[in-house]
Amino acid sequence: MKLAIFSTKSYDKEYFEKLKPNSKIEVSYFKTALNEDTSKLSKGFDAVCVFVNDRINRSVLSKLKKNGTRIVALRCAGFNNVDLKAAEEFGIKIVRVPSYSPNAVAEHAMALILTLNRKTHKAYNRIREGNFSLDRLTGFNIQGKTIGVVGTGQIGKAFCRIMLGFGAKILAHDLYPDKQLEESGIEYTSLDELFEKSDIISLHCPLTSETKHMIDEVSLDKMKNGVMIINTSRGALIDTKAAIRALKSKKIGYFGIDVYEQEESLFFYDHSENIIEDELIMRLISFPNVLITSHQAFFTREALEQITATSYQNIIDFEEGRSLKNEVKQIK
Ligand code: NAD
């Protein structure tokens, strides 16, 4: 079995080498992302392994099919970048890593909240310059605040548990409310009520045609003035232009994002010596109450181990004809 790993970073190679199973998997690493231009590299590979910003659309899948690729292993949970209908038509299996340390992402969401709130990033810089003043560092207690959690799957649940530990009141919204979570003290509600009542809103649902731009002009209008919005899920859940307008009008008081609508050409790369053409991210960066991280919420040792082990297992299961418990199929 020949496996091509696209969008390889040094840490991917480190973990894929370290955890390589004692089987006949032959691994090649490509730094480039998989897309229309690079799909020709798949020639002769039975399997390709991709990440969040690789493009697995109809045209790429058609090329993979021609080149003999039989399985695409996503080394992530989200699969919004895959045309599942085309994959089915071409008979290419799609597998993913549904859960790899949900706590890693939930804890990062908490890190964004605490940093934006208590301004530790600003204090760090001030003190290095000998400025010990507390001016403009005022935060607020999370205890007693209302936290809106959209999506209570693996990550949303872990986030709720952390927030319960802080003594916050949690309003949640999900298509499938979780009984156990309800018993632990969280309340499920409509999306509108969550928007209206929450002091902090954290997004943990997948990106689908229904959830795209769920934070837009209309939903922002319903929110409390000065609301904190946290997105560690997928960038396009938020209409970035609407968020910028709401930051300017002070409707959004704090904005923490680990994902961004147009992250594909920016995130995971060093652009420090380039002119960044993306006006929206430059505008976002200019706000003092915006904190952006570059899709790093998953990035813990535990998660990398889990991602690598599950990706290998998915491919081995396919090769050995076992049922694919992590297969992603189009919902009919
Ligand atoms: P999950 O499948 O366990 O949970 C998703 C939850 O969202 C489910 O309970 C589902 O019912 C709910 N949902 C679906 N549509 C909804 C809607 N319209 N409204 C409200 N809820 C809805 O997934 P997860 O492991 O918790 O991951 C959640 C998302 O986090 C992923 O889809 C992925 O986009 C993102 N993620 C980001 C990172 C990162 O590093 N930033 C890492 C992993 C996952």
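This text goes with the structure placed above it.
Residues numbered from 1 in each chain as written. Predicted model: local features only at pLDDT ≥ 70, side-chain atom pairs only at ≥ 80, totals over all residues. Heavy atoms only, no water.

Trainee: I tried to follow the overall build of the chain on my own but got confused; where do I start?
Mentor: Summing up its helical and strand segments, the chain has 12 helices and 12 strands in all. Along the three orthogonal principal directions, the C-alpha set of the chain runs to about 60 × 50 × 35 Å. Counting over 332 residues, the chain shows a buried share of 51%. Within the chain, residue pairs in contact and separated by at least 24 positions form 66% of the contacts whose partners lie at least 6 positions apart. For the chain, the exposed area adds up to about 16700 Å²; of that, 50% sits on carbon and sulfur atoms. Looking at charge distribution, the chain has the averaged site of its 46 positive side-chain charges lying 1 Å from that of its 43 negative ones. (Helix = DSSP H or I, 4+ residues; strand = E, 2+ residues; numbered from the N terminus. Buried < 20%, exposed > 50% of the residue type's maximum accessible area, 1.4 Å probe, protein only. Contact = heavy atoms within 4.5 Å. Areas by Shrake-Rupley, 256 points an atom, 1.4 Å probe, with all protein chains shown as cover. Lys, Arg positive; Asp, Glu negative; His and termini not counted. Charge placed at Lys NZ, Arg CZ, Asp CG, Glu CD.)

Trainee: Quick question: what am I supposed to make of the side chain of S219 here?
Mentor: By the element assignment, S219 lies in helix α9 (residues 217-222). Look at S219 and you get buried, because its relative accessible area is 4%. With sequence-adjacent residues up to four places away left out, S219 is seen in contact with F195 and M214.

Trainee: Whenever I open this one, the pattern of salt bridges confuses me. Can you help?
Mentor: A side chain of one charge can pair with a side chain of the opposite charge when the charged atoms of the two come close. Following the criterion strictly, the structure yields 18 salt bridges and no others. Across the pair D46 and R70 runs a salt bridge, and its minimum N-O distance is 3.5 Å. Separated by 24 residues along the polypeptide, D46 in the loop between β2 (26-29) and β3 (47-50) and R70 in the loop between α2 (58-67) and β4 (71-74) bring together distant segments of the chain. Exposure remark for R70: the relative accessible area of 34% places this residue in the partly exposed category. (Salt bridge = Lys/Arg side-chain N within 4 Å of Asp/Glu carboxyl O.)

Trainee: Where do I start with the nonpolar core in this structure?
Mentor: In globular proteins that are soluble, nonpolar side chains generally tend to be buried together. Ranked by internal contacts, the top residues of the largest apolar core, which has 65 residues, are L61, V72, I94, I215, I229, I252 and F255. Residue contributions to this core peak at five residues, all from helix α10 (residues 240-248). Structurally, this core is a two-domain feature, drawing no fewer than three residues from each of domain 1 (2-100 + 301-319) and domain 2 (102-292). Ignoring any residue separated from it by four or fewer positions in sequence, one finds V72 in contact with V48, V50, I56, L61, L64, I92, K93, I94 and V95. The next biggest cluster of nonpolar side chains, apart from the first, holds 26 residues, and it includes V149, I170, I200 and L291. (Core = buried A, V, L, I, M, F, W, Y, C linked by side-chain atoms within 4.5 Å. Domains from an automatic or database assignment.)

Trainee: Sorry, what's going on with the site of the ligand here?
Mentor: Neighbouring residues of the ligand: 23 residues in total, closest Q154, I155, D174, T232 and D258. D258 places a polar side-chain atom, nitrogen or oxygen, 3.0 Å from a nitrogen atom of the ligand. F298 places a main-chain nitrogen or oxygen 3.1 Å from an oxygen atom of the ligand. Starting from 870 Å² of accessible surface for the ligand in isolation, the protein chains cover 86%. (Near = heavy atom within 4 Å. Polar contact = N/O pair within 3.5 Å; in protein donor to acceptor, adjacent residues only side chain to side chain.)

Trainee: What's the story with the sheet that holds strand β10 (residues 227-231) in this structure? I'm lost.
Mentor: Strand pairing in a sheet relies on backbone hydrogen bonds, with the paired strands running either antiparallel or parallel. Pairing is parallel across the open sheet formed by seven strands, whose spatial order is β8-β7-β6-β9-β10-β11-β12. In the strand order of this sheet, the two ends are held by β8 (187-188) and β12 (290-292), each with one partner. Note that β10 and strand β11 (residues 252-257) share five bridges and pair parallel. By the bridge assignment, V227 is partnered in β11 with I252. Packing of helix α6 (residues 154-165) onto the sheet brings it into contact with β6 (146-150), β7 (169-173) and β9 (200-203), and relative to β6 it is tilted by some 170 degrees. Where α10 meets the sheet, its contacts fall on β11 and β12, and the angle it forms with β11 comes to roughly 140 degrees. (Pairing = 2+ DSSP bridges. Axes fitted to C-alpha atoms, helices over the stretch in contact; angles between N-to-C directions.)

Trainee: Honestly, the packing of helix α4 (residues 102-118) against α6 in this entry has me stumped. Any pointers?
Mentor: How two helices pack is summed up by the angle between their axes together with the distance between the axes. Remark: α4 packs on α6, axes separated minimally by 8 Å, with the N-to-C direction vectors making an angle of 50 degrees. One finds that α4 runs oblique with respect to α6. As α4 packs across α6, the resulting crossing turns out to be right-handed. Touching P102, N103, V105, A106, E107, A109, M110 and I113 of α4 are Q154, I155, A158, F159, I162 and M163, all from α6. Of the residues belonging to the contact of α4 with α6, the class tally is 11 nonpolar, two polar and one charged. (Parallel < 35°, antiparallel > 145°, perpendicular 65-115°, else oblique. Left-handed = near helix turned anticlockwise from the far one by under 90°. Nonpolar A, V, L, I, M, F, W, Y, C, P; charged D, E, K, R; others polar.)

Trainee: Help me understand the packing of helix α1 (residues 10-18) against helix α12 (residues 301-319) in this model?
Mentor: Contact geometry for α1 and α12: axes closest at 9 Å, N-to-C directions at 60 degrees. In terms of orientation, α1 lies oblique with respect to α12. Note that α1 runs across α12; the crossing there is right-handed. In contact with Y11, Y15, F16 and K18 of α1, α12 contributes R301, L304, E305, T308, S311 and Y312. In terms of residue class, the contact of α1 with α12 is built from five nonpolar, two polar and three charged.

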